[in-house]
Amino acid sequence: MKLNKFFAVAMATLALVACVKPGDKPNGGDEPDQPGKEADLVLSETSKSIEVDETFDLTANVAAEFTVNKEDIVQLVPANDGKSVKVTGVGEGSVILTATTKGGQTKTCVVKVAKKEDPTQPAGSLKGSQIWPIILDGDAYAANESKIVASFQPNDVDQFLYVWPDGTSYVGGDGEGLNSLGNTGYTALVVGTLGWSGAGFCLTDAGNGWEAAKALNDAIVANPDQYALHLAIKSTDDQAHTFYWMGSDATKVVIGKEAFDGGKVIGDFPRDGGWHEFDIEMAEFASALASADVKAGVNVFCLLSGGNAGRQLNLDAVYFYKK
């Protein structure tokens with residue numbers, strides 16, 4: 001009898017254990033909310049571009065607390081279940097949304113907020129009374145066509161963006177999101193593995209773009225105070241970038257903290273992933289341009305980004321203009 005009683009108790013215990021199958025939560029516990037046992041945190045978005053007053057829902061697969069590093073750019077309204085938050089753009093800029101679970105897992109979503117565009121207005125008004133574009137999206141080009149004297153943009157016929165040497169020092173970059181004018185399309189280049197990088201917007205002898213560049217250069221030399229070069233740039237890394245124009249090394253300028261390749265630092269910008277604009281006055285470069293040899297095959301605008309592989313250069317709305 002004692003043996004049978006022990007056997008019966010053992011079988012009952014075995015049956016109780018067998019009722020808990022793999023994946024079950026014993027004692028009714030909520031496993032994803034228990035530190036060390038929670039499911040991997042996943043967000044519905046890792047990056048998002050919106051306009052001011054635009055809204056979207058950011059959702060997590062498990063309960064999390066949502067925070068934002070810049071409350072003046074977006075507002076958050078959490079859902080009661082802790083698994084989603086309504087995000088509304090309130091000001092221009094870039095922010096990082098962070099979701100944190102009870103167990104300490106974190107995931108982020110980068111949100112870029114652009115100004116709300118008025119559909120009744122042009123796609124981006126450019127500075128100046130006359131314009132010579134080098135990088136410009138199609139909508140902005142059409143909206144400002146009456147001011148364009150000549151275009152130096154690549155056309156795959158007689159004007160090209162040449163990456164040196166043989167297209168290897170830069171490779172194509174990630175050009176996602178809106179450009180500086182609120183449209184789509186900008187130039188994104190990533191430094192390759194050669195240990196240096198360089199490229200130029202070349203006006204070949206097959207067309208007359210170089211003649212327009214020579215006429216512009218002569219006009220700048222004659223009245224340098226009347227002309228400037230505009231460009232928009234954005235980044236999330238600390239790489240400095242060097243630019244020069246009309247094929248003249250004497251015009252080299254650097255945007256970044258430290259000079260390289262003989263260029264002069266003219267300023268830096270926040271590395272926040274947002275667009276920042278520069279206007280380079282031509283008056284400082286009048287003597288350099290006076291000796292520039294502008295002819296067929298000239299690189300009307302050149303760019304250098306050092307040799308750190310993987311660094312990205314993002315450019316938009318690059319153009320000469322007369323005030």
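Here the structure is a predicted model, which means the values were calculated and not measured.

What am I meant to see in the overall build of the protein chain here?
Within the protein chain, the secondary structure is distributed over four helices and 19 strands. The 323 residues of the protein chain split such that 43% are buried. Pairs at least 24 residues apart make up 64% of the contacts formed inside the protein chain by residues separated by at least 6 positions. Of the roughly 16600 Å² that the protein chain leaves accessible, carbon and sulfur atoms contribute 51%.

Mind showing me how you'd approach the sheet that holds strand β15 (residues 253–255) here?
Each strand in a sheet pairs with its neighbour through backbone hydrogen bonds, running either in the same direction (parallel) or in the opposite one (antiparallel). Ordered by their spatial adjacency, six strands build an open sheet running β9-β12-β18-β14-β15-β16, and the pairing between neighbours is mixed. Lying at the two open borders of the sheet, with one neighbouring strand each, are β9 (159–163) and β16 (264–267). Neighbour to neighbour, the strand axes of the sheet diverge by 25 degrees on average, direction disregarded. Two elements, strand β12 (residues 199–203) and strand β18 (residues 298–304), share five bridges in a ladder whose sense is antiparallel.

I keep staring at the environment of G91 and nothing clicks. Help me out?
You can see G91 is positioned in the loop between β5 (84–89) and β6 (93–100). Contacts of G91, omitting those with residues within four sequence positions, involve V52, D72, I73 and V113.

Is there a simple way to think about the side chain of S235 in this case?
Inspection of the secondary structure puts S235 in the loop between β13 (227–234) and β14 (241–245). Residue classification places S235 among the buried residues on the basis of a relative accessible area of 4%. A polar atom in the side chain of S235 sits 3.0 Å from the backbone nitrogen of D237. Leave out the neighbours within four places in its chain, and S235 touches F269, P270, R271, D272, G273, Q312 and N314.

Can you walk me through the pairing of β6 in this structure?
On any regular strand, side chains alternate: one points to one face of the sheet, the next to the other face. Where strand β3 (residues 65–68) lies against β6, four bridges are found, and the strand directions are antiparallel. Each residue of the ladder has a partner; that of T67, found in β6, is T98. Here eight bridges tie β6 to strand β7 (residues 106–114), and the two strands are oriented antiparallel to one another. Residue pairing across strands places S94 opposite K112, the latter belonging to β7. Following β6, the chain reverses through five residues before pairing antiparallel with β7; G104 in that reversal takes a positive phi of roughly 95 degrees.

Looking at this structure, I do not really get the packing of aromatic side chains. What am I missing?
The description of two aromatic rings rests on the distance between their centres and on the angle between their planes. Across all of its chains, the model carries eight aromatic pairs by this definition. On the basis of an interplanar angle of 20 degrees and a centroid distance of 5.4 Å, the ring pair of F160 and Y162 is categorised as stacked. Grouping aromatic residues by their ring pairs yields a cluster made of F201, F243 and F301. In this structure, K48 is placed above the aromatic ring of F56, and the distance from its NZ or CZ to the ring centre is 5.6 Å. In this structure, R271 packs its charged tip against the face of F269, placed 4.1 Å from the ring centre.

Hey, could you run me through the pattern of salt bridges in this one?
When the charged atoms of two side chains with opposite charge come close together, those side chains can pair. For the structure shown, the criterion picks out nine salt bridges. Residues K127 and D279 are paired through a salt bridge, measuring 2.6 Å at the closest nitrogen-oxygen approach. Taken together, the residues span a long stretch of sequence, with K127 in the loop between β7 and β8 (130–135) and D279 in strand β17 (residues 276–281) at a distance of 152 residues. What makes K127 partly exposed here is its relative accessible area of 37%. A salt bridge links K323 to E281; its shortest N-O distance comes to 2.5 Å. Of the two residues, K323 is situated in the segment after β19 (312–322) and E281 in strand β17; the sequence distance between them amounts to 42 residues. With a relative accessible area of 43%, K323 lands in the partly exposed category. By relative accessible area, which is 35% here, E281 ends up partly exposed.

Just to check I follow, could you spell out unusual backbone geometry for this structure?
Glycine aside, residues mostly have negative phi angles, and peptide bonds mostly take the trans form. For the peptide bond that leads from W164 to P165, omega is -25 degrees, which places it in the cis range. Positive phi outside glycine occurs at D166, with the angle close to 55 degrees. Here D166 shows up in the loop between β9 and β10 (170–172).

Explain the confidence of the model for the protein chain here, please?
Detailed conclusions should not be drawn from predicted coordinates in areas where pLDDT is low. Chain-level statistics for the protein chain give a pLDDT mean of 88 and a share of 86% at 70 or above. Every residue in residues 1–31 is under pLDDT 50, and counting partners more than four places away or in other chains gives eight contacts.

Even after reading the chapter, I still don't get the nonpolar core, so can you show me in this structure?
Burial of nonpolar side chains together is a common tendency in soluble globular proteins. Grouped together as the largest cluster of nonpolar side chains are 41 residues, with contacts concentrated most on W245, F301 and F320. Leave out the neighbours within four places in its chain, and F301 touches I134, A199, G200, F201, L229, L231, F243, Y244, W245, L315 and V318. Residues A60, V62, I73 and V74 belong to the second largest nonpolar core, which totals 21 residues.

I keep staring at the sheet that holds strand β2 (residues 55–59) and nothing clicks. Help me out?
Taken together, three strands build an open sheet; the order of strands is β2-β5-β4 and the sheet is antiparallel. The open sheet terminates on both sides in strands that have one partner only, identified here as β2 and β4 (74–78). With strand direction ignored, the average angle separating the axes of adjacent strands in the sheet is 25 degrees. Of the pairings in the sheet, the one linking β2 to β5 comprises five bridges and is antiparallel in character. Residue pairing in the sheet places T55 in a bridge with T88 of β5.

What counts, and at which threshold
- Residues numbered from 1 in each chain as written.
- Predicted model: local features only at pLDDT ≥ 70, side-chain atom pairs only at ≥ 80, totals over all residues.
- Heavy atoms only, no water.
- Helix = DSSP H or I, 4+ residues; strand = E, 2+ residues; numbered from the N terminus.
- Buried < 20%, exposed > 50% of the residue type's maximum accessible area, 1.4 Å probe, protein only.
- Contact = heavy atoms within 4.5 Å.
- Areas by Shrake-Rupley, 256 points an atom, 1.4 Å probe, with all protein chains shown as cover.
- Pairing = 2+ DSSP bridges.
- Axes fitted to C-alpha atoms, helices over the stretch in contact; angles between N-to-C directions.
- Polar contact = N/O pair within 3.5 Å; in protein donor to acceptor, adjacent residues only side chain to side chain.
- Phe/Tyr/Trp six-rings, centres within 6.5 Å; stacked < 30°, edge-to-face > 60°.
- Lys NZ or Arg CZ within 6 Å of the ring centre and 35° of its normal.
- Salt bridge = Lys/Arg side-chain N within 4 Å of Asp/Glu carboxyl O.
- pLDDT = per-residue confidence, 0-100.
- Core = buried A, V, L, I, M, F, W, Y, C linked by side-chain atoms within 4.5 Å.

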